[in-house]
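Listed here are the chains, written in short residue letters.
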Amino acid sequence: DMRLAKLVFDLNWMLHGGRRSFRSRDLAKCAMAYASLGLGTPSIMFCIGAEVGKRVQDFKPSELVTVLLAFALANIRDVRAIEAMSAELTRRLDQCSPKEV
């Protein structure tokens, strides 16, 4: 898919010093694609983790869960990103009423 190829290209550019902002949905999709395809460059996942950590509050809960699952499936331990996503999910769950949960 050309969209994935462009996103991977943009992530590599960002990794090597470029400045670009990505939509949270695109980052979640790229993380899951990385995990599904079993790509051999963990630097892309660490780059995604860094971007997620900067603006974790902008992600929907479903996108955070997708990124967390992608990290687990890819067997990548980015402690800082995982802790930031887990804390944000916990914070949002605490704001829900029992009926919403």
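You'll find the structure just up there.
Residues numbered from 1 in each chain as written. Predicted model: local features only at pLDDT ≥ 70, side-chain atom pairs only at ≥ 80, totals over all residues. Heavy atoms only, no water.

1. Thoughts on unusual backbone geometry
Working note: non-glycine residues mostly have negative phi, and peptide bonds are mostly trans. At Asn75, a residue that is not glycine, the phi angle is positive and equals roughly 60°. Topologically, Asn75 is positioned in the loop between α4 (61-74) and α5 (79-95). Assessed through its relative accessible area of 70%, Asn75 is described here as exposed. (Helix = DSSP H or I, 4+ residues; strand = E, 2+ residues; numbered from the N terminus. Buried < 20%, exposed > 50% of the residue type's maximum accessible area, 1.4 Å probe, protein only.)

2. Focus on α4
For the α-helix, the turn length of 3.6 residues means that residues three or four positions removed from each other point alike. Taking 1.5 Å per residue, 14 residues should reach 20 Å; α4 reaches 20 Å between its end C-alpha atoms and fits that length. For α4, the complete set of buried residues consists of Glu63, Leu64, Val67, Ala70 and Phe71. An end-on view of α4 places all buried positions within 125° of arc, on one side of the element. Facing away from the buried side of α4, by more than 90 degrees, are the exposed residues Ala72 and Leu73. Where α4 is buried, its residues meet α2 (24-37), α3 (42-54) and α5. A positive backbone phi angle near 60° is found at Asn75, which sits one or two residues after α4. (Expected span 1.5 Å × (residues − 1). Arc of directions from axis to C-beta. Contact = heavy atoms within 4.5 Å.)

3. Structural notes on the packing of α3 against α4
Contact geometry for α3 and α4: axes closest at 11 Å, N-to-C directions at 150°. With respect to each other, α3 and α4 are oriented roughly antiparallel. The interaxial crossing formed by α3 with α4 has left-handed handedness. On α4, the residues touching Met45, Gly49 and Val52 of α3 are Leu64, Val67, Ala70 and Phe71. In terms of residue class, the contact of α3 with α4 is built from six nonpolar, one polar and no charged. (Axes fitted to C-alpha atoms, helices over the stretch in contact; angles between N-to-C directions. Parallel < 35°, antiparallel > 145°, perpendicular 65-115°, else oblique. Left-handed = near helix turned anticlockwise from the far one by under 90°. Nonpolar A, V, L, I, M, F, W, Y, C, P; charged D, E, K, R; others polar.)

Keep in mind these values describe shape, not function.
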